[in-house]
Amino acid sequence: MLYDLNVYVIGRLLLAAVLGGIVGIERELSQKPAGIRTNMLICLGAALFATVSYEMASAFGGDHTRIAAQIIPGIGFIGAGVVIRERGTVIGITSAATIFVVASIGMAVGSGLYVTGIFTALLLLASLIFIGKLEKRLGLHLELVGFRVTAIDGDTIERVRRIVHEIGIRTRIWNTRKTDEGLLLEFEAELTVPQQRELLKRIAELNVKCESRPIRPVAAL
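A quick note: this is a predicted structure, and the numbers were derived from the prediction, not measured. (Residues numbered from 1 in each chain as written. Predicted model: local features only at pLDDT ≥ 70, side-chain atom pairs only at ≥ 80, totals over all residues. Heavy atoms only, no water.)

Turning our attention to the packing of aromatic side chains. Evaluated as defined, the whole model comprises two aromatic pairs. An aromatic cluster is defined as three or more aromatic residues linked by ring pairs; in this entry it consists of F147, W174 and F187. (Phe/Tyr/Trp six-rings, centres within 6.5 Å; stacked < 30°, edge-to-face > 60°.)

Printed below as a string of structure tokens:
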């Protein structure tokens, strides 16, 4: 006989919703695409599928993991939805990975592995919060930055190009056009904070006007 709703099932679903919601709060505060409701529903759904898979197999026979196993490709489909390719850059990888881990937390809770689910949720939060701050503090996080360099002649533009190449910076757009002030070089580059500082310092040594503006983090969503 298939078990109906009971205190154990209710407890699992509530715990899954809470854990998913906690992770979602961090994502929401970080202004990422998958927020509170998304992570809560994914964790809750994974827990329910894991529970239903076990109960149905116990009542009617069959493989206990058959339904639960389908969670993985389903979550892969959702994760692909938050990955965006914009201006040659793939963003949203962290959000997709978070969704994948949140689903595994739901599966653990739905299978009765409460401590495992709670520990994984705490470990996920630590990774998102503290490692993210460490990346920013050490300047390891890539950012897409736009640069505008005003030069007098083409030789200066070529020297800027060599500097960018020597530092090992990857550029996305590289346009040069004439203005009343001389030659205007506009380019976008993926670089870390230390690389940006070095680039601005070396361009300043050329005695040219240089402006920079951050566009967005690279693959930070």
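Attention now goes to unusual backbone geometry. The phi angle at N207 is positive, at roughly 60°, despite the residue not being glycine. Tracing the sequence through the fold places N207 in the loop between α8 (193-204) and β6 (209-217). (Helix = DSSP H or I, 4+ residues; strand = E, 2+ residues; numbered from the N terminus.)

Moving on, we get to the environment of G76. Considering the arrangement of structural elements, one finds G76 in helix α4 (residues 71-82). Residue class for G76 comes out partly exposed when judged on its relative accessible area of 40%. When the C-alpha atoms of G76 and I99 are compared, they prove to be 8.8 Å apart, with 23 residues separating the residues in sequence. (Buried < 20%, exposed > 50% of the residue type's maximum accessible area, 1.4 Å probe, protein only.)

Here we take up a nonpolar patch on the surface. On the surface, a cluster of nonpolar side chains totalling about 350 Å² of accessible area is made up of I25, L29, I36 and M40. Put simply, the parts of the chain that give the nonpolar patch at least two residues each are α1 (7-29) and α2 (36-60). For I36, the position within the fold is in helix α2. Look at I36 and you get partly exposed, because its relative accessible area is 31%. (Patch = residues over 30% accessible without salt bridge, like charges linked within 9 Å, V, L, I, M, F, W, Y side chains within 5 Å. Areas by Shrake-Rupley, 256 points an atom, 1.4 Å probe, with all protein chains shown as cover. Salt bridge = Lys/Arg side-chain N within 4 Å of Asp/Glu carboxyl O.)

Here N39 shows up in helix α2. A polar side-chain atom of N39 sits 2.9 Å from the main-chain carbonyl oxygen of G35. Contact partners of N39, with chain neighbours within four places excluded, come to G20, V23, G24, R27, A34, T98, I99 and V102. (Polar contact = N/O pair within 3.5 Å; in protein donor to acceptor, adjacent residues only side chain to side chain. Contact = heavy atoms within 4.5 Å.)

On to the pattern of salt bridges, then. When charged atoms on two side chains of opposite charge get close, those side chains can pair. One pass over the structure, following the stated rule, counts nine salt bridges. Its salt-bridge partner being E186, residue R148 comes within 2.5 Å of it at the nearest N-O pair. Within this pair, whereas R148 is found in strand β3 (residues 143-151), its partner E186 is found in strand β5 (residues 182-191), the two being separated by 38 residues in sequence. As a salt-bridge pair, E198 and R202 come within 4.0 Å of each other at their nearest N and O atoms. Of the two residues, E198 and R202 both sit in helix α8, four residues apart, roughly one turn of that helix. In the salt-bridge network here, residues are joined through shared partners; they are R148, R177, E186, K209 and E211.

Purely geometric stuff here, so don't read any function into it on its own.
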